[in-house]
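# Chains, contacts and geometry: an overview
Chain residues, written in single-letter form:
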Amino acid sequence: MKNIVVVILNYHAYWETEKCVSSIQEKKLRVSHIVIVDNASDNESYQVLSCKYFNAGDITVLRTHKNYGFAKGNNIGIRYARTILGADYVLLLNSDIVIMDREYLDKMLKVETEKTAVIGSRVLLPDGTGKLLTNAAYSVNDIFLTCIQAYVDRKKILKLIDSLKDNSKIKRINGCAFLLTPVFFSYYDGLYPYTFLYCEEHILTVMIDKVGLTTGFADNACVYHNENQSARILYDDYDEERSRQNRRSCWHWLLARVLPYHLLWRITSFRKGRKM
């Protein structure tokens, strides 16, 4: 029996987290536990969530003492899932995700091979369109273009990226919902921790590629994403801040690209005494 734990990162929008948890419960996903990490919300999020799930034996609500951003916040949940709950697999979900399919996890697991480190799915957006495409189907080097769009004409870069798209090679999953597998954890403990928002999937792709692993994509699995709810709450000028965070994060992508595996392993490792 696979021990699959869900990690949901909450910031401020606890009502979205409640919908996410409800969708998991309603669809009866085969998960052993749900870990909610409240990323130091400045409202009543922690109180509401901890009270709501106080008597739920399969739900744990954690609280950070500061807002660590996406990667490090998720790593806190991953660490709890792995070291306390003994998770084999960790499903990372944004708080504004709704599970639409009872067989979502089954479909994800069907594409797993002995070299699959991470598995993604299709994503439906509020306007009915989607990353029903995946913004995933690019090689590692092509992803560089996604990073530099923060500095140059975005429309031209997106057009160039689209021309390079190759559906036969799925590399980058969408960061709002993805499954980390046992083979991923045999190389890394968690995500690259030094970005705050954005480019986490790009860096994850580099990490996976560096050790010769692959990305799986469940084309017939889909989640609904009520996109960027927490980010829009966090920033007054969302578009400007998104560009700033993208510019900062893309340098970390470049750093991860040039670092040897043993340094990336040290950066992402949180278990004392773990050896490569």
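Residues numbered from 1 in each chain as written. Predicted model: local features only at pLDDT ≥ 70, side-chain atom pairs only at ≥ 80, totals over all residues. Heavy atoms only, no water.

### Focus: the overall build of the chain
Within the chain one finds 11 helices and 9 strands. The long-range fraction of contacts in the chain, counting pairs at least 24 apart against all pairs at least 6 apart in sequence, stands at 82%. Total accessible area on the chain is roughly 12,700 Å²; 51% of this is exposed by carbon and sulfur atoms. (Helix = DSSP H or I, 4+ residues; strand = E, 2+ residues; numbered from the N terminus. Contact = heavy atoms within 4.5 Å. Areas by Shrake-Rupley, 256 points an atom, 1.4 Å probe, with all protein chains shown as cover.)

### Some thoughts on helix H1 (residues 14-26)
One turn of the α-helix equals 3.6 residues, which is why residues spaced by three or four share an orientation. The end-to-end C-alpha distance of H1, which contains 13 residues, comes to 18 Å, matching closely the 18 Å that a straight helix rising 1.5 Å per residue would cover. Buried within H1 we find Tyr14, Glu16, Thr17, Glu18, Cys20, Val21, Ser23 and Ile24. Directly beyond the C-terminal end of H1, a positive phi value near 55 degrees is found at lysine 28. (Expected span 1.5 Å × (residues − 1). Buried < 20%, exposed > 50% of the residue type's maximum accessible area, 1.4 Å probe, protein only.)

### Some thoughts on the pattern of salt bridges
On inspection of all chains with the given rule, the structure shows 4 salt bridges. A salt bridge links aspartate 106 to arginine 30; the nearest nitrogen and oxygen atoms lie 2.7 Å apart. Remark: arginine 30 occurs in the loop between H1 and strand S2 (33-38) and aspartate 106 occurs in helix H4 (residues 104-110); sequence separation between them is 76 residues. Residue classification places aspartate 106 among the partly exposed residues on the basis of a relative accessible area of 27%. For arginine 30, a relative accessible area of 36% translates into the label partly exposed. (Salt bridge = Lys/Arg side-chain N within 4 Å of Asp/Glu carboxyl O.)

### Here's the deal with the layout of surface pockets
The calculated volume of the second largest pocket comes to roughly 160 Å³. At the level of secondary structure, the elements contributing two or more residues to the lining of the second largest pocket comprise helix H3 (69-83) and helix H11 (261-268). Per-element tally for the lining of the second largest pocket: the top contributor is H3, with 4 residues. Here the lining of the second largest pocket is built from residues that sort into 4 nonpolar, 3 polar and 2 charged. (1 Å grid on protein atoms, 1.4 Å probe; cavity = no way out; pocket = protein on both sides within 12 Å on 5 of 7 lines; lining within 4 Å. Points joined across faces, edges and corners; volume = space filled by probe spheres on them. Nonpolar A, V, L, I, M, F, W, Y, C, P; charged D, E, K, R; others polar.)

### Some thoughts on the nonpolar core
Judged by nonpolar contacts, the single largest core of 38 residues is most densely connected at Leu180 and Leu191. If you tally residues by element for this core, the top one is helix H8 (residues 200-210), at 5 residues. Residue contacts for leucine 180: discarding those within four places in its chain leaves Ile78, Asp88, Tyr89, Val90, Leu92, Ala117, Val118, Phe185 and Leu191. Counting residues in hydrophobic clusters, the runner-up holds 32 residues, among them Ile4, Ile59, Ile99 and Ala221. (Core = buried A, V, L, I, M, F, W, Y, C linked by side-chain atoms within 4.5 Å.)

### Thoughts on the environment of leucine 91
Within the secondary structure, leucine 91 sits in strand S4 (residues 89-94). For leucine 91, a relative accessible area of 0% corresponds to the buried category. Here leucine 91 is in contact with Val5, Val6, Val7, Tyr104, Leu105, Met108, Phe178 and Leu179, once residues within four sequence places are set aside.

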